[in-house]
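Structural overview
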Amino acid sequence: MDPNYMPFHPNPSKPTFTVPAGAVDAHCHVFGPGEIFPYHPTRKYTPCDAPKETLFARRDFLGFERNVIVQASCHGPDNRALVDALKASNDKAKGIAVVDGDVTDKELHELNEAGVKGVRFNFVPRLADEETPEFYRAIVARIRKLDWQLVVYFEASELARLTPLFKTFDLPIVVDHLGVPDVSKPMDSNPDFDAFVKLVSEDDRFVVKVTCPERISKQGPPYDDFVPYARRVAEAIPDRVLWGTDWPHPNMRTHMPDDGKLVDMIPKIAVTAEQQRKLLVDNPMRLYWR
Ligand code: 0GY
């Protein structure tokens, strides 16, 4: 673990908000344990171990039934820890992998058999080195055959540059963490966020994770500056939003969130019971367990 790396919260509070039956935590990670599944040589950080047993115990404690586990950059394109967790989950977890250009059809098939449903492209420079457009298009052409989806992680300032590339992808495109808006601006004078909402509202390939207040907020807990941004997207595209904890919250620098308190924010983002059911059950089930 890096010296300044913050481990996950040791004892989160029990949420007061009860999630609907069958709720899915659609963004979380497993890390290691490093002794069994070593971190990748190309990684930009070394996290604390966050093994599958702890993830599944947190899932149960918070009231969720299922997880979507997203391959994080510290494991690079080595998906062994992810596959191990999927196989141990009793079909209660699906996965999003990271692959390199050398991945074989046999490897893709094995990932598919284990419960992988898509590939993540990480465009955040502090986490991963960007590939060429040809690389991304070649991967998309291959994963389309498996009926997979794409997960993209980028920050708001990159949206205009990346949109033409995204528009060439003919499959569902799931955007991590609201496209990481700059929430220090009032929402009604944030043209970057207006452009994001317009794009995802008009193009139904896009699905948006209304996640990561702890990372996006400039104010810190209880993350009031994040709420209007997330709610606007949840209201604009109620059938194409997902929610997740982001456990174990890699690379937090200022504080470590209490996962119970994150769950208690859900009714501020999806206000009605119908919106909550779509966000937590219907939308992730349609995307990952069909
Ligand atoms: C996240 C966010 C982060 C890390 C990763 O791939 C990763 O290493 O996703 C981050 O540092 O912003 O999605 O949990």
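Up top is the structure.
So, a few notes on the structure that sits alongside this text. (Residues numbered from 1 in each chain as written. Predicted model: local features only at pLDDT ≥ 70, side-chain atom pairs only at ≥ 80, totals over all residues. Heavy atoms only, no water.)

Glancing now at the overall build of the protein chain. Broken down by element type, the protein chain carries 11 helices and eight strands. Relative to the compact-globule value of 19 Å for 290 residues, the protein chain shows a C-alpha radius of gyration of 18 Å, a close match. Dimensions of the protein chain, computed from C-alpha atoms along their principal axes, come out at roughly 45 × 45 × 40 Å. Taking all contacts inside the protein chain whose residues are at least 6 apart in sequence as the whole, residues at least 24 apart take part in 77%. Carbon and sulfur atoms provide 52% of the accessible area of the protein chain, an area that totals close to 12,200 Å². If you average the places of the 37 positive and of the 43 negative side-chain charges in the protein chain, the two averages end up 2 Å apart. (Helix = DSSP H or I, 4+ residues; strand = E, 2+ residues; numbered from the N terminus. Rg over C-alpha atoms; globule rule 2.2 N^0.38 Å. Contact = heavy atoms within 4.5 Å. Areas by Shrake-Rupley, 256 points an atom, 1.4 Å probe, with all protein chains shown as cover. Lys, Arg positive; Asp, Glu negative; His and termini not counted. Charge placed at Lys NZ, Arg CZ, Asp CG, Glu CD.)

The subject of this paragraph is the site of the ligand. Neighbouring residues of the ligand: 15 residues in total, closest Tyr45, Ser73, Arg126, Tyr153 and Asp246. For the ligand, an oxygen atom lies 2.9 Å from a polar atom in the side chain of histidine 177. Surface burial for the ligand is 100%, taken as the share of its 350 Å² of free accessible area covered by protein chains. The cavity that encloses the ligand is the largest cavity. Taken together, the residues of the shell around the ligand break down into five nonpolar, six polar and four charged. (Near = heavy atom within 4 Å. Polar contact = N/O pair within 3.5 Å; in protein donor to acceptor, adjacent residues only side chain to side chain. 1 Å grid on protein atoms, 1.4 Å probe; cavity = no way out; pocket = protein on both sides within 12 Å on 5 of 7 lines; lining within 4 Å. Sits in = over half its atoms within 2 Å of the grid points. Nonpolar A, V, L, I, M, F, W, Y, C, P; charged D, E, K, R; others polar.)

This part is about the nonpolar core. Counting 89 residues, the largest nonpolar core has Phe121, Phe169, Val233, Trp243 and Leu280 as its most contacted members. Here phenylalanine 121 is in contact with Tyr136, Ile139, Val140, Leu150, Val151, Val152, Tyr153 and Phe169, once residues within four sequence places are set aside. Counting 12 residues, the second largest nonpolar core, distinct from the first, contains Val24, Ala26, Val151 and Trp289. (Core = buried A, V, L, I, M, F, W, Y, C linked by side-chain atoms within 4.5 Å. Buried < 20%, exposed > 50% of the residue type's maximum accessible area, 1.4 Å probe, protein only.)

You can see proline 238 is positioned in the loop between α8 (227-236) and β8 (241-242). Among the residues examined, proline 238 registers a relative accessible area of 22% and is labelled partly exposed. As for proline 238 and leucine 279, which are separated by 41 residues in sequence, their C-alpha atoms are 7.1 Å apart. Excluding anything up to four places from it in sequence, proline 238 contacts Lys278 and Asn283.

This part covers the layout of surface pockets. Put simply, the largest pocket is a space of about 440 Å³. Along the walls of the largest pocket sit 21 residues, with Gly76, Val98, Ala128, Asp129 and Glu131 positioned nearest its centre. Elements supplying a minimum of two residues to the lining of the largest pocket: β4 (116-122) and α4 (133-144). Here the lining of the largest pocket takes three residues from β4, the largest share from any one element. Class assignment for the residues of the lining of the largest pocket results in nine nonpolar, six polar and six charged. Around the second largest pocket, the lining residues are Pro77, Asp78, Asn79, Arg80, Val83, Val98, Val99, Asp100, Val103, Glu107, Glu110 and Leu111. Every element with two or more residues in the lining of the second largest pocket is listed here: α2 (80-88) and α3 (105-114). In terms of residue count, α3 provides more of the lining of the second largest pocket than any other element does, three residues in total. Looking at side-chain class alone, the lining of the second largest pocket contains six nonpolar, one polar and five charged residues. (Points joined across faces, edges and corners; volume = space filled by probe spheres on them.)

Quick look at empty space enclosed by the protein now. Overall, the coordinates contain three cavities of 30 Å³ or more when judged by the stated rule. Within this model, the largest cavity holds a volume of roughly 100 Å³.

Glancing now at the packing of aromatic side chains. Applying the stated criterion across every chain yields a total of 14 aromatic pairs. For the ring pair phenylalanine 135 and tyrosine 136, a centre distance of 5.5 Å and an interplane angle of 80° mean the geometry is edge-to-face. Against the face of phenylalanine 61 rests lysine 14, its NZ or CZ located 4.5 Å from the ring centre. One residue, arginine 66, lies across the ring of tryptophan 289, its end atom 5.5 Å from the ring centre. (Phe/Tyr/Trp six-rings, centres within 6.5 Å; stacked < 30°, edge-to-face > 60°. Lys NZ or Arg CZ within 6 Å of the ring centre and 35° of its normal.)

Just distances and angles here, no functional claims.
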